[in-house]
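# Summary of structural features
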Amino acid sequence: MLPGVALAQSKSFDSKQPIEITSDQLEVHQAENVAIFTGNVVAIQNDVRLKSDKMTVYYTSAEEKKSDSGQAATQADAAKQTIKKIDVDGNVFLATPEETASGARGNYDVEGEEIHLYENVVLTRGANTLKGSELTYNFASGKSIITGGAVAEDAAGKGTGRVRALFVPDKKQ
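Let us look at the structure shown here. (Residues numbered from 1 in each chain as written. Predicted model: local features only at pLDDT ≥ 70, side-chain atom pairs only at ≥ 80, totals over all residues. Heavy atoms only, no water.)

Counted by the stated rule, this structure contains two aromatic pairs. Judged by centre distance (6.0 Å) and plane angle (70 degrees), the ring pair of Tyr108 and Phe139 falls under edge-to-face. Here Phe139 lies in the loop between β8 (128-138) and β9 (144-147) and Tyr108 lies in strand β6 (residues 100-109), a separation of 31 residues in the sequence. Among the residues examined, Tyr108 registers a relative accessible area of 5% and is labelled buried. Taking the relative accessible area as the measure of exposure, Phe139 reaches 3% and is therefore buried. Look at Tyr137 and Phe139: their rings are 4.9 Å apart centre to centre, the planes differ by 90 degrees, and that puts the pair in the edge-to-face class. A single burial state applies to Tyr137 and to Phe139, both of which are buried. Following the ring pairs from residue to residue traces out a cluster consisting of Tyr108, Tyr137 and Phe139. (Phe/Tyr/Trp six-rings, centres within 6.5 Å; stacked < 30°, edge-to-face > 60°. Helix = DSSP H or I, 4+ residues; strand = E, 2+ residues; numbered from the N terminus. Buried < 20%, exposed > 50% of the residue type's maximum accessible area, 1.4 Å probe, protein only.)

Okay, here's the thing in structure tokens:
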């Protein structure tokens, strides 16, 4: 990983913090513990923002919230449902205070503190730009990996299967 180009780990990022999601429409499948947000969807956790056309949220069930003693979850426990994973589709955009990333689709593994973006991925920090077909970013370690694949494009828009990076040096005054 080249310094100054990967998504920088947000100093205040904490995957245990609440995730606020807004959208034009919400459909809940209670039996499957799934909520589907559609239309201008925005999820915010700390200073990280994730946008897409559609967001499918998978959350814990009351049975998954059993206490350490093996007792069934109380109503209060059930009300504290937590998000396990979020799938995003269509015009995906990820923003931190330092960087932005985009792709056609992706997922956020909340428990694993990792985001994946797929298809025509573009990662920018300042004037620096990385392009590839897949981005994996781990919030816990701050490590990101971009892979090429068949859909990575060169400057002419042709598939090259390689990661493309443009690094612009800082201009000194």
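Here the narrative resumes.
A few words now on the pattern of salt bridges. On inspection of all chains with the given rule, the structure shows three salt bridges. When the shortest N-O distance is used, the salt bridge between Lys85 and Asp87 registers 3.7 Å. On the accessibility criterion, Lys85 (34% relative accessible area) is partly exposed. Accessibility expressed as a relative area gives 19% for Asp87, which makes it buried. Two residues, Arg125 and Glu99, come together in a salt bridge whose shortest N-O distance is 2.8 Å. Of this pair, Arg125 sits in strand β7 (residues 114-125) while Glu99 sits in the loop between β5 (83-95) and β6, placing them 26 residues apart in sequence. (Salt bridge = Lys/Arg side-chain N within 4 Å of Asp/Glu carboxyl O.)

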